[in-house]
Structures are given as structure tokens and as C-alpha cells.
Amino acid sequence: MNISRRTFLKDAGLLVAAMGMGPALLPTVAEALEEMATGRAPILWLQGQSCSGCSVSLLNSESPGPADLVTRYLSLYFHQTLSAATGEAAKEAMARAIEAGGYILVVEGAVPLGMPEACRIAEENFVSLLTRAASKAKAVVSVGACASFGGIPAAPPNLTGAAAVSEALERAGIQVPLIHLPGCPPHPAWIVGNLVQVLKVGIPELDEFRRPKRTYGQLLHEQCPYFANYQAKKFALHPGDAGCLFKLGCQGVVTHSDCSSRGWNGGVNWCIRGRAVCIGCARPEFAKDPAFPFYRLNEKPETV
Amino acid sequence: MSTIKIDPLTRIEGHLRIDTRVEDGRVVEAWSRGEMFRGFEALLVGRDPLDAPVITQRICGVCPVSHAVASCKAVEAALGLVTPANGDYLRNLVLGANYLQSHILHFYQLSALDFVNVEDLLGYSGSDPVLRELKAWAGSEVASNRVLPVAPFLPKLPGDYPSNTQWNLGALAHYVEALEIRQEAHRMAALFGGKMPHTATLIPGGVTCGVDVEAVENFRMRLRRVKRFIENVYLPDVIAAAGLFPAYAGIGRGVPNYLSYGVFDESGSTWLPAGILIEGRFEPLDTARISETTATSYYDQSGSLHPTRGEIRPHPEKAGAYSWLKGPRYNGLACEVGPLARILVAVAAGSKPIGGAVDDLLKESGLTADALQSTLGRHACRALEALLVAQRMEEWLNLLQPGAPSVAVYASREQGKGEGLTEAPRGALGHWISIDGGRIERYQCIVPSTWNFSPRGEQGEPGPVEVALLDTPVNPAYNGLEMARVVRSFDPCIACAVH
């Protein structure tokens, strides 16, 4: 292949910077990218009870960009939204991939454990497909709030018994390295950076919720540009007000993510800079409790 | 007689299965089956009304902005909030930017591979750097002993792909470019939406971010880049496809009813108008005539109900049911929604600029006005709409007023009912809310792909896609490629359709 080592080094440099890794990791990451490009680390991407938002977020990756990702880096054996293969050809592609095994299984969406018919692919319940695919995988990466923790589909009354991938694998008795990349959706750099890490360095250091510490180790609040406002008790009380959004319901104080230092969509903006509250989409509890609304504007005045 | 099944139908949003019966080389019967259910409407009950736009956006990662807009409008109607002009225009810009990303994604990433011979890449000998890199990659994949080389482009269905090398290579280069252009459109949406997918700033009452002059110019610069792509690449490619696949101007005609709720608020009305065309007859929209049936859906429900009374009782083993989609009807009629419907409704409502743009498109593509109701016509109307929206966005940018508010002062209410209507890239989107004791008492969504991919109704009458598939000529060796082209022209979003 006539892609030069320099290309990998350049992409690796951007990725190392984006992930906040030390420069010492540069050669390792470049090597990982090269290995991904030579197809030694294929990816099988399955969608359960998902909205495809995580896939769309992946396509918003800045370094490497989406074209390089889809072609030379990700070796996507099968992806429901991107694969040319459809119908019989798609079913066969999945079958061939699973038979060969040794891929990274990326899962997007929750698993309807209580109502298996609520998600079917090629006449097979998703629970069963997931179990078959996971048992042949080198590692499983749960991408997004739904795959990691059940997410919105698992909010009460949870008509389908939606659950996290981890729960489905536990029930099936499948032992496989598993990491969680929550967020609704997760930032593309969280997905790409951690895939590289899983491929090359191995499973990253995880916290008690199986989240990579490097990505989810920081409290958003501590790096928030409105931290000074918080300390000075300068709070926004109405949407559009200046000041810290804490009293409007902002969950930056309990959410672990690097949004405040990273920014979204090429860094052009992010929730709080857009003067919207952090909804805590990277938290395990995201959207689960109806008594804990995203905005506190309907609370009775004495409780604000 | 034979049957052809496409399961899963990939390169769409979500889980869709199509079953057909084929006689004498033509489809004589078709069934569209949505294969995934989550239960959004049920989990909204008992929540704070301001949760609704946050939660319902997550019905769909491709068109979250549309759900945010519909939901905000429903809550605003229920609570009596009025958005300031800045709020309307900022929403138009975020929504418009997502139309551009969605339409471009749909043509290149989701549909184009049905019309392109990917293998031509391996014989490429030119000097275009994008194609040279793609060729090097594909070549090394083919030479490797990988299980699935050149994925996700291969394997594909066998079929009548064009032998026109220039088209095949051009479309592949544009596939790559489109990935970057749709990403640029998402940066635009994030400038006023906070982030994408799933915006942060759209809340009942307006948009939280205000009008920042620097962001406006940043947006304008990126919009120019995306608009140039639509003018110079997207629209010409769709016109070229019409020349290469003329038969598809006669394949895929659906039901004769086209519905639009109207979209893009401009001082009290919508830029693209609301209305319904029933067998060529224009009527103003009356949402009291909308109902949803579950006759062949996996739900129990007491008859056909208006969305303010809709129920959500899943029953996966229900006899005679075959889809997780409900069946929306207007006055009992199945209706097509989407860019084709919006354009036909706008022309019927007397919009001169849109009528003129359609005339130009017909001249350039060689399509007749009647042939717009087809597989090709849907692609052509989507591309034309992308251009019209991009042009209009430049005007909305100029209407923003720095310093003026973009969000209304919030006022709580214990009770209220509201209807929120908008248009997603894929068509008419409605949310219906009822609030009691300050909490959501009932919530229903009828989503574009619910209309288009509706299963059979009370009288056994098929939904729009089930009708559009009829008479499609089928080569048994192609495993359903022709049908997949028809289905994809509707831009299916099944996560939306079922929710």
C-alpha cells in the first residue's frame, strides 16, 4: 500500500493531542493506525435499540477524518448504515465475519432483554445475534449511553426490558473484555481514540463503571469556563442569562467528561458554551429518573 | 411466482425488512416491516414537560433537530410561550443545516452505491489524489487474505451497474467529498445548536445561545462551502443519475396523496407551505383528520385514533400483525411525505420561486412533471430542496438581530395541550403533548417514516412504500437490488418511524 509512514505519524500526532496522551505514545499510536490500516483489526458494528446517533457522531471525527476512518482505518466488516451489502449479502457478511472471529465488536443501542422481539435483524432476535457475535470477539466496545447503561430505552416504564450490553453478556455467561464509552452520543474522539487504544495498547484503565479513566476521569465542572461564576455565586436564573447554569439544572457538577476543554464538532461549540445545561449524558444515570428533570424551571420558587 | 425478501435492508437508518411476492418478473405484493421498538411515548409520561425536547431528539440521530423543533412547538403551544424572531431564525438555521447534512448523507453514503460500479476503482489510472488513495487502499484489500476485503463497499448485490467509468469514479470521489461536506454542515448546526447530533440549545421558548456576530460569520463561511458542493456536485450527480437510469422515472410511483405540515418559520407563517394534495387536488391542512391505526401493527389499541388519544400497548405476538410501525392516515388515506411531497405541495399552493426552480430542474434532467412521482423524482426533489434551503439560509442569517433576545421568558403552567408540527428532512413530523399537574400526561409522535413505511390499514390497504414497490421489474439474479433502490428513495428512518 502506498500510504507513507508519515501519514500515520501525522494522524497519530493529531490523535495523541486529541486524546490528551503524552508524546511518548506517538510511535505506538502511529503503529496502531498502521495495523488498523492493514486490516489486522477488523470491526463488526452492530445496532440494537439505537438511534444511529453514535454512528453519526463517529462520522464527525476530525482526526482522522471520516473518509480515512471509513476506508483505511476502521476495516468495517459490517455496519448497518454504511455497508453496501444489503439483504442476503448483508446476512452473509455478518455470518462470514462471525465465523472468522477475532474482531472488535462495537455495539450501539440497548438490548431488549424483556421483549426480544423488539429488535430483530435477519429474522434473528438482536439478543441472540449479539451473543453469537460477542462470543467470537476479541473485545466488546459498548458505544453510547444505551449500550453502556441502557440509556433512554431503559427509562421507566421500560416496556421492552431494555438493558446494557454488559447485562446481556452476563446473562449469556460470555466472558470477554468489555469497555463502556457513554455519552448521548459520545464524542467521536472518545470513540476513535479508545478503539486505537483497545487495538494496540489493550484495554485501557477503567473506572468502576468500565469507562476509560483517561476519557472520563475528569469532572466537567472543574474545567468549565463558568467555574469562576459558580464560585462567585453568579448564577443564570432564566434561559439566556449570563453566569453559571447550575441553578437551571446543569449537571456539569456531577458529570465526568472532557467536553469543557475539548468542544464539539471540530471545537466550534459545546452545550454549556451554547448556554444550555449539561444534561449529564455521559453519566450512568442519564435520563433514568423522571423525578430529576434536565431543567429546573418548573420547580416551585422556594426550592430553587 | 416467487418471493424476495430484503432483511436487513441496510444503508438506511434503523431496522427494516421488506417482503415481496413476484410474478412474471414484477412485484405484485409488498410488505414493509419495522423491526425495532423502544417505547419513547410511554417513558415521557410523568416527566417534566421541558424534558420532552431533550428526550425526543434521541428518537433519531440523523434528524434530532426536527424532533427538538416539533417538541418545543408542542410544549410552547401547551404553555403559551412565544419565541422571539431570533429564536425562530436560529432554529431555521440549525434545522436547515441538518437538512443539508441529511440530504447529502442520504444521496452519497446511503443511496449512491446502488447506482455505482465500485470495481471500476481498481482499474483507475488517473491522477486525482482522492481516487489514487482509494485505489491503493482497495487494491491492498483485494490482495490481502482478509475475510471481507474492501468493506464496507463490498460485498454488494449483483446488478445492472453502469459501465460508464467516468460516472463510477466521479461518484466515488464525491462519496468521499460528501463525508466531509456533511460533517461541515454539522459544524454549522453546532454553531447555534451547541453540538450535533442531538442539539443542546433548542428549548421551549427559543434558542439559548443568542446571536453571536462571530458565530454568524463562521456559519456563513461554512454555508458557502456546502452550497457550492450542492450546486456543483450533488445536483449535477442526481441529474446524471437520471440520465443513466431513465427507467427509474417510471418505477416507484407511490400513493397519489402528498402531505406537508410546512416548515421554517418566517414571521408567523412557514416558508415551505403546509397542505395536502389528494389525487392532484390541493387542500389546506386539517390535523383533526389525522389518525393512527394498529390494524397490522404489534400493538393493541381501541380502533383508529387521533394522536391526542393515541395509546401505546405493545403486543409482539399479535395475530395478523407484521410491523412495529403504526399506520397513520389522513381522512383514512395513506399519504407520502418528504421532499417530493413538500415540493409538490409548495407548487400547488402557488409558490412561484419553487415552481420556477422545479421547471429548471425538469429542463436539466429531462424528467417530466409527472415523472417526479418516482424513484428518481424523489432524489431530484431532495437535491433541489437542498439547494433552495441553502439559498434561503443566507437570508435568515441576514435577519438575525444581535443583542435582541433569542429565547422567551419562561412561564410555568400546570395544565395545557399542544400540537407541534414541523417537517423533518424525511417529511411531516408531529408531536402532541398534554400536561397535567405540571407533568406530561400523554405524548404522541407521528413521524415521517411512519407515514411512508406504514403497514396495511383497517381495510387491508397498503402503505405508501408497499404501493410504490408494486410493478417494480425484478431480475431474480439481483436479489432485490431494484426494490432496494425504490425503498431507499424514501430515505427510510425506522428508529424515527417506530420510536
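Residues numbered from 1 in each chain as written. Chains lettered and ligands numbered in written order. Predicted model: local features only at pLDDT ≥ 70, side-chain atom pairs only at ≥ 80, totals over all residues. Heavy atoms only, no water.

Visitor: Mind showing me how you'd approach the nonpolar core here?
Guide: Most often, soluble globular proteins keep nonpolar side chains buried together rather than apart. Judged by nonpolar contacts, the single largest core of 229 residues is most densely connected at Leu100, Phe192, Phe219, Tyr234 and Met393 of chain B. Among the elements that take part in this core, helix α6 (residues 165-193) of chain B stands out by supplying 16 residues, more than any other. Shared between two domains, this core holds at least three residues of each, these being domain 1 (5-214) and domain 2 (218-304) of chain A. Those residues in contact with Leu100 of chain B, other than ones at most four positions away along the chain, are Ala185, Met188, Leu223, Val226, Ile230, Ala386, Val389, Ala390 and Met393 of chain B. (Core = buried A, V, L, I, M, F, W, Y, C linked by side-chain atoms within 4.5 Å. Buried < 20%, exposed > 50% of the residue type's maximum accessible area, 1.4 Å probe, protein only. Helix = DSSP H or I, 4+ residues; strand = E, 2+ residues; numbered from the N terminus. Domains from an automatic or database assignment. Contact = heavy atoms within 4.5 Å.)

Visitor: Would you mind going over the confidence of the model for chain B with me for this structure?
Guide: Note: predicted coordinates in regions of low pLDDT should not be interpreted at a detailed level. Of the residues in chain B, 100% reach a pLDDT of 70 or more, and the chain-wide mean stands at 97. In the predicted assembly, ipTM is 0.97 and pTM is 0.96. (pLDDT = per-residue confidence, 0-100.)

Visitor: Which parts of the structure should I look at to understand the interface of chain B and chain A?
Guide: Quoted interface sizes are often the accessible area lost when the parts come together. Contacts between the two partners involve 84 residues from chain B and, on the opposite side, 83 residues from chain A. Buried area between chain B and chain A, both sides added, is near 7,500 Å², and the carbon and sulfur share of it is 60%. Among the residues of chain B in contact with chain A, His15, Leu148 and Pro152 of chain B are the three that bury the most area, contributing 8% of the side total. Applying the counting criterion to the chain B and chain A interface returns 4 salt bridges. Among the salt bridges present, the one from Glu35 of chain B reaches Arg120 of chain A, with a minimum N-O distance of 3.3 Å. If you look at where chain B meets chain A, you find 46 residue pairs in polar contact (both at pLDDT 80 or more). Residue assignment for the side of chain B that touches chain A shows that the elements contributing at least two residues are β1 (2-6), α1 (40-44), α2 (51-57), α4 (85-111), α5 (129-143) and α6 of chain B. Tallying contributions element by element places α6 of chain B first for the side of chain B that touches chain A, with 11 residues. Its residues assigned to classes, the side of chain B that touches chain A shows 48 nonpolar, 13 polar and 23 charged. (Buried area = accessible area lost by both parts, 1.4 Å probe. Salt bridge = Lys/Arg side-chain N within 4 Å of Asp/Glu carboxyl O. Polar contact = N/O pair within 3.5 Å; in protein donor to acceptor, adjacent residues only side chain to side chain. Nonpolar A, V, L, I, M, F, W, Y, C, P; charged D, E, K, R; others polar.)

Visitor: Explain the domain arrangement of chain A to me, please; I cannot follow it from the model alone.
Guide: Residue and element names in this part refer to chain A. For chain A, the domain assignment lists domain 1 (5-214) and domain 2 (218-304). The straight-line distance from the C-alpha centre of domain 1 to that of domain 2 is 28 Å. Facing the 24 residues of domain 1 at the interface are 17 residues of domain 2. Summing both partners gives a buried area of about 1,500 Å² for domain 1 against domain 2, and 62% of it is carried by carbon and sulfur. Counting across the interface, domain 1 meets domain 2 through 0 salt bridges. One can count 6 residue pairs in polar contact (both at pLDDT 80 or more) joining domain 1 with domain 2.

Visitor: Explanation requested: the environment of Ala380 of chain B in the structure shown.
Guide: Residue and element names in this part refer to chain B. Here Ala380 shows up in helix α10 (residues 375-399). As a C-alpha pair, Ala380 and Ser365 span 15 residues in sequence and 8.6 Å in three-dimensional space. Excluding residues within four positions of it along the chain, Ala380 makes contact with Val238, Leu361 and Leu367.

Visitor: Please explain the pattern of salt bridges as it appears in this structure.
Guide: Should the charged atoms of two oppositely charged side chains come close, the side chains can pair. Residues and elements named next belong to chain B. Taken as a whole and assessed by the stated rule, the structure comprises 43 salt bridges over all chains. Residue Lys156 is joined to Glu119 by a salt bridge in which the shortest nitrogen-to-oxygen separation is 3.2 Å. Linking Lys156 in the loop between α5 and α6 with Glu119 in the loop between α4 and α5, this pair joins segments that are 37 residues apart in sequence. Note on Lys156: relative accessible area 16%, which makes it buried. A salt bridge links Arg313 to Glu311, with the nearest nitrogen and oxygen atoms 2.7 Å apart. The exposure class assigned to Arg313 is partly exposed, which follows from its relative accessible area of 42%. We classify Glu311 as partly exposed; its relative accessible area is 21%.

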